[in-house]
Amino acid sequence: EERRARLAAAHEKIHEQRRGLQAEARHKTPIDPVWLCAALGEVMPDNAIYLDEVTTHTPLLRQHIKWNAPQSLFTRQGGLGQGLGLSLGIKLAKRDNPVVSLIGDGGFLYNPVLGSLGAARDFDLPILMVIFNNKKYAAMQGMHLKMYPDGTAVETDTFHGTHIHSPDFTKVAEAFGAYGEQVTDPDALEDALRRGLEATQSGRAAILDVIVG
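Heads up: these notes are all about the structure in this document.

The rules behind the values
Residues numbered from 1 in each chain as written. Predicted model: local features only at pLDDT ≥ 70, side-chain atom pairs only at ≥ 80, totals over all residues. Heavy atoms only, no water. Phe/Tyr/Trp six-rings, centres within 6.5 Å; stacked < 30°, edge-to-face > 60°. Helix = DSSP H or I, 4+ residues; strand = E, 2+ residues; numbered from the N terminus. Buried < 20%, exposed > 50% of the residue type's maximum accessible area, 1.4 Å probe, protein only. Core = buried A, V, L, I, M, F, W, Y, C linked by side-chain atoms within 4.5 Å. Contact = heavy atoms within 4.5 Å. Polar contact = N/O pair within 3.5 Å; in protein donor to acceptor, adjacent residues only side chain to side chain. Axes fitted to C-alpha atoms, helices over the stretch in contact; angles between N-to-C directions. Parallel < 35°, antiparallel > 145°, perpendicular 65-115°, else oblique. Left-handed = near helix turned anticlockwise from the far one by under 90°. Expected span 1.5 Å × (residues − 1).

### Let's talk about the packing of aromatic side chains
Here the structure, examined in full by the defined rule, presents 1 aromatic pair. Relative to Phe-169, the ring of Phe-108 lies with its centre 5.0 Å away and its plane at 75°, an arrangement referred to as edge-to-face. Separated by 61 residues along the polypeptide, Phe-108 in helix α5 (residues 105-110) and Phe-169 in helix α9 (residues 169-175) bring together distant segments of the chain. No difference in accessibility class separates Phe-108 from Phe-169, as the two residues are buried.

And the structure:
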């Protein structure tokens, strides 16, 4: 009983810290990835299955999204570009479960987006794609900072090959009859997630392009 009480108190302390971080992130603009993860946990049903291809935000995802059941969180192995295909495969195996592909904007561009949207439409595999869009390859910029902390990139604030001028992802969704919405307001995030979920429940894939800081 002493051990149970000690571990329960430690567990509650972790949750208290987590709730504090989520409350702090709740109204930040651009949208804080912590709040995006928390909002997903609040909106998505308990049987949702997540696929993680967010790279730099993976630790936040592990902490702030609610997932307790076995096989409710998957990740790609090796390099980028596998997330959408894996999400479609999960949906094929688990048609009654909402499948949510969590992906960075850089990782999204590594994927066969057009083929994946076509497969989602043609084979009735309506997945929800949530893009953590920070408009850059943050992992690559991080390596600039790690390997050359006093280098030219830092000195001039010029990080070659890291910034992304992407297309309008919502228009790409529309081209395949999918639902598309860009989200910039933290107060509108939960409703946008609900609309994306409702689209998948009606048989349409969905892309939510969430602009994060």
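Once you've had a look at it, read on.
### Points about the nonpolar core
Ranked by internal contacts, the top residues of the largest apolar core, which has 33 residues, are Met-44, Leu-102 and Val-130. If you list the elements that add at least two residues to this core, you get α2 (33-43), β3 (99-104), β4 (128-133), β5 (179-183), α10 (189-201) and β6 (206-211). The biggest single contributor to this core is α2, with 8 residues. Excluding its chain neighbours within four sequence positions, the residues that come into contact with Leu-102 are Leu-40, Tyr-50, Leu-51, Asp-52, Glu-53, Val-54, Leu-61, Ile-65, Val-130 and Phe-132. Ranked by size, the runner-up nonpolar core spans 23 residues in total, among them Leu-51, Ala-120, Ala-205 and Ile-207.

### Points about the environment of Lys-66
Position of Lys-66 among the secondary structure elements: in the loop between α3 (58-64) and β2 (73-75). Taking C-alpha positions, Lys-66 is 20 Å from Leu-7, a pair spaced 59 residues apart along the chain. Excluding residues within four positions of it along the chain, Lys-66 makes contact with Gly-41, Glu-42 and Tyr-50. Looking at Lys-66, its side chain comes within polar contact range of the side chain of Glu-42, at 3.0 Å.

### Considerations on the packing of helix α4 (residues 83-93) against helix α6 (residues 113-122)
Contact pair α4 / α6: the axes reach a minimum separation of 9 Å and the direction vectors enclose 15°. One finds that α4 runs roughly parallel with respect to α6. Like other packed secondary-structure pairs, α4 and α6 cross with a definite hand, here left-handed. Contacts from Leu-84, Gly-85 and Leu-88 of α4 reach α6 at Val-113, Ser-116, Ala-119 and Ala-120.

### Some remarks on α10
Spanning 13 residues, α10 covers 18 Å between terminal C-alpha atoms, matching the ideal 18 Å at 1.5 Å per step. By the burial criterion, the buried members of α10 are Leu-189, Glu-190, Ala-192, Leu-193, Gly-196, Leu-197, Ala-199 and Thr-200. Check the buried side of α10 and you find it contacts α2, β4, β5 and β6.

### A few points about α2
For α2, the tally of buried residues reaches 10 of 11 residues, placing the bulk of the element in the interior. Listed in full, the buried residues belonging to α2 are Pro-33, Val-34, Trp-35, Leu-36, Cys-37, Ala-38, Ala-39, Leu-40, Gly-41 and Val-43. Capping the start of α2 is the job of one residue whose side-chain oxygen sits 2.8 Å from the backbone nitrogen of Val-34: Asp-32.

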